[in-house]
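# Working through the structure, step by step
Each chain, written out:
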Amino acid sequence: MLDVVIGLQWGDEGKGKVVDVITEDYDIIARFQGGPNAGHTLKIGDTQYVLHLIPSGIFRANTFNVIGGGVVFDPVVFKKEMDDILAVVNDADKRIYISRRAHLILPTHRLLDAAQEQAKGKSKIGSTLRGIGPTYTDKISRNGMRIGDILMKDFDRRLKDKIDQHKRLLDFYNYHDYDIDKLMEQWFEAVDYVRKMNIINSEYFLNKALDRGARVLAEGAQGTLLDIDFGTYPYVTSSSTIASGACIGLGVPSNRVNSIIGIFKAYTTRVGNGPFPTELNDQTGEMLRKQGNEYGATTGRPRRTGWLDLVALRYAVMINGVTELIMTKADVLDGFDTLRVAVRYKIDGQETEEFPFSVDDVRPIYENIPGWKANLSQIGSYDDLPVEFKNYLKFIEDFIGKKITGISVGARRKEFIYCK
Ligand code: GDP
Ligand code: IMO
Ligand code: MG
């Protein structure tokens, strides 16, 4: 049985937290796309961990964790993350499996990310500068190198050709501020470390596990509105962040997919550039940032904040085929007198309920919903939730046409309420 967790907004919906909560029900957690641009936060007791490449099941004993073929893999980030985890979980390296097909992020991919962003000037994407775009570019243009290559005889020669090619590109961008020897030394050290890990044909590993009846959870990174095809292009990431991406990134057929668990925040955030119809550039936006501690888990950048956008959410539920909806960070809305949710867009004088080709110039039309005066993170069961909050849930469910099955009311594992 394969279930898929995906983000329904612009990332940072709390996927890591939700995966950590539900991992108990699974044997294997697998990342299928993205790379170290992701930052998934888990709060276990009072300790906070941020995972970039390693799946969020690593802190649960007996859970196997797979980095699938659709991921772009930076050995340097992996080594640091693994070492940090090994300091607290001593068998973590035995429970991690890396696909031979995952593409390698080379030091020059990160430099190219920076050079290309610089060249874009005002229209830059606001990328995490982790080399994601250039690595996927090389993959699609059939110039990439993969994890499996680090075990091949001609690796050094092929790598040198790539690095030389990238250096010529960096010259073209007039980007010279780097010490390639130092970067390569650190990278080779990390590659030696990765060679000692379990490197596998993850498509066989996962399909055989599924045949044996294993329960597998695919953990998405980023979110639907950052998807390369269905996001707010060009202000997106370079991978398929939607549920269908799990099949491609893991090599598991689509008829194996059981539940598609869509995660959304009770409001909206975005980090990086690009359109954001319900953005609040005022005191309310500042309050959401403060109460929600909305600062990037990977880059530390302040996240842009705004009201819940139901037009975008319904679109995301449709594209992913969501079967279960989970709301996170509901506690962040505690104390607001009135909440607003976007239910339509006005575009070129016309109203629409569909998420259009371009959301650059849309004006959201809102419904007001009364807020609640309660501390949701102190509440342990659905029955004890305030009626105003239940009305907020009901409004969303009626609009989307799907039930909300779980609500996260705090960063910690136990701050989670299953709905009836
Ligand atoms: P991800 O990328 O989707 O895994 O999300 P991030 O980890 O980047 O961002 C979510 C942030 O919200 C993290 O700091 C979490 O610890 C925190 N968080 C997750 N769920 C909740 C919640 O229900 N309430 C509050 N207050 N914080 C939460
Ligand atoms: P998680 O998995 C939020 C954003 C970047 C930028 C755009 C492209 O933690 O939800 P990239 O480095 O991928 O080329 O950047 O995508 N972005 C994210 N925003 N959460 C993420 O991951 C993100 N990963 C990338 O800010 O706007
Ligand atoms: Mg994140």
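Within every chain, residues take consecutive numbers counted from 1 along the sequence as written. A letter from A marks each chain and a number from 1 marks each ligand, given out in the order of writing. It should be noted that, the model being predicted, local features are given only for residues of pLDDT at least 70 and side-chain atom pairs only at 80 or more, the latter also being counted only at that level, while totals for whole chains, interfaces and linings use all residues. As a rule here, side-chain values cover all heavy atoms of the structure and leave hydrogens and water aside.

We now examine unusual backbone geometry. In this model, tyrosine 233 is joined to proline 234 through a cis peptide bond whose omega is 5°. Secondary structure is summarised from DSSP: a helix means a run of H or I of at least four residues, a strand means a run of E of at least two, and numbering begins at the N terminus for each. Secondary-structure assignment places proline 234 in the loop between strand S10 (216-219) and helix H8 (244-250).

Our next topic: the pattern of salt bridges. The salt bridge definition used is simple: a Lys or Arg side-chain nitrogen within 4 Å of an Asp or Glu carboxyl oxygen. All chains considered together, the criterion is met by 31 salt bridges. The salt bridge partner of glutamate 13 is lysine 15, with a shortest N-O separation of 2.8 Å. Both residues of the pair, glutamate 13 and lysine 15, belong to the buried class. Residue arginine 289 pairs with glutamate 286 through a salt bridge whose shortest N-O separation is 2.8 Å. Residue arginine 289 and its partner glutamate 286 are located together in helix H9 (residues 283-291), separated by 3 residues, close to a single helical turn. Here the residues in one salt-bridge network are Asp12, Lys265, Glu294, Arg303 and Lys329, joined through shared partners. For each residue, the accessible area found with a 1.4 Å probe, counting protein chains only, is set against the maximum for its type, and the residue is called buried under 20%, exposed over 50%, and partly exposed in between.

Turning to the coordination of the magnesium ion (ligand 3), a few remarks are in order. Distances up to 2.8 Å from the metal define which N, O and S atoms are donors, and 3.2 Å serves for Na, K and Ca; water is absent from the atom set, so sites may look incomplete. Note on the magnesium ion (ligand 3): its protein donors are Asp12 (OD) and Gly39 (O). The metal-donor distances range over 2.1 to 2.2 Å. One end of the pair, aspartate 12, is in the loop between strand S1 (2-7) and helix H1 (15-22); the other, glycine 39, is in the loop between strand S2 (28-31) and strand S3 (40-44), and 27 residues separate them in sequence. The exposure class assigned to glycine 39 is buried, which follows from its relative accessible area of 11%.

As assigned here, the protein comprises domain 1 (2-102 + 199-260), domain 2 (104-195) and domain 3 (265-418). The centre of domain 1, based on its C-alpha atoms, is set 24 Å off from the matching centre of domain 3. Contacts between residues were defined by any pair of non-hydrogen atoms, one from each residue, lying within 4.5 Å. The partner domain 3 presents 39 residues to the 36 residues of domain 1 that form the contact. Throughout, buried area stands for the accessible area (probe radius 1.4 Å) lost by two parts on being put together, summed over both. In this assembly, domain 1 packs against domain 3 so that about 3000 Å² is buried in total across both faces, 57% of it on carbon and sulfur atoms. At the boundary of domain 1 with domain 3, the tally comes to 3 salt bridges. Annotation comment: domain bounds sourced from an automatic or database domain assignment.

Whether a residue is near a molecule or strand depends on its heavy atoms: it is near if one of them lies within 4 Å of it. Near ligand 2 you find 21 residues, and of these Asp12, Lys15, His40, Thr128 and Thr237 are the closest. Contact distances for ligand 2 include 2.9 Å between an oxygen atom and a side-chain N or O atom of arginine 301. Across the complex, the protein chains shield 97% of the 550 Å² of accessible surface that ligand 2 would expose by itself. Ten residue types, Ala, Val, Leu, Ile, Met, Phe, Trp, Tyr, Cys and Pro, are classed as nonpolar, four, Asp, Glu, Lys and Arg, as charged, and the remainder, Gly among them, as polar. For the shell around ligand 2, a count of residues per class yields 8 nonpolar, 10 polar and 3 charged. We define a polar contact as two N or O atoms separated by no more than 3.5 Å, with the added condition that, inside protein, one atom must be a possible hydrogen donor and the other a possible acceptor, whereas residues neighbouring each other in sequence contribute only through side-chain atom pairs. Computed with the Shrake-Rupley method and a 1.4 Å probe, the accessible areas treat only the protein chains shown as cover for residues.

As a further point, take the site of ligand 1. Taken together, 18 residues form the shell around ligand 1, and within it Gly14, Lys15, Thr41, Asp331 and Ser408 come nearest. With respect to ligand 1, the backbone of lysine 15 contributes an N or O atom lying 2.7 Å from an oxygen atom. One of the backbone N or O atoms of glycine 39 is found 2.9 Å from an oxygen atom in ligand 1. When ligand 1 is considered free in solution it has 580 Å² of accessible area, and contact with the protein chains removes 92% of it. At the level of secondary structure, the elements contributing two or more residues to the shell around ligand 1 comprise H1 and S3. Looking at the shell around ligand 1, the element that brings in the most residues is H1, giving 3 residues. For the shell around ligand 1, the per-class residue count stands at 4 nonpolar, 7 polar and 7 charged.

Moving on: the packing of aromatic side chains. Think of it this way: a Phe, Tyr or Trp ring, Trp meaning its six-membered ring, pairs with another when their centres are within 6.5 Å, and the plane angle makes it stacked under 30 degrees, edge-to-face over 60, tilted otherwise. Within the structure shown, the criterion is met by 15 aromatic pairs. Where tryptophan 307 meets phenylalanine 336, the ring centres are 5.9 Å apart and the plane angle is 70°; that geometry is what we call edge-to-face. Here tryptophan 307, found in the loop between strand S13 (304-306) and strand S14 (308-309), pairs with phenylalanine 336, found in the loop between strand S15 (324-328) and strand S16 (338-347); they are 29 residues apart in sequence, far enough to count as distant. Per residue, the accessibility class of tryptophan 307 equals that of phenylalanine 336, and both read buried. Cation over ring: lysine 79 sits above tyrosine 193, and NZ or CZ is 5.4 Å from the ring centre. Lysine and arginine charges are scored as sitting over a ring when NZ or CZ, respectively, is within 6 Å of the ring centre and within 35 degrees of the ring normal.

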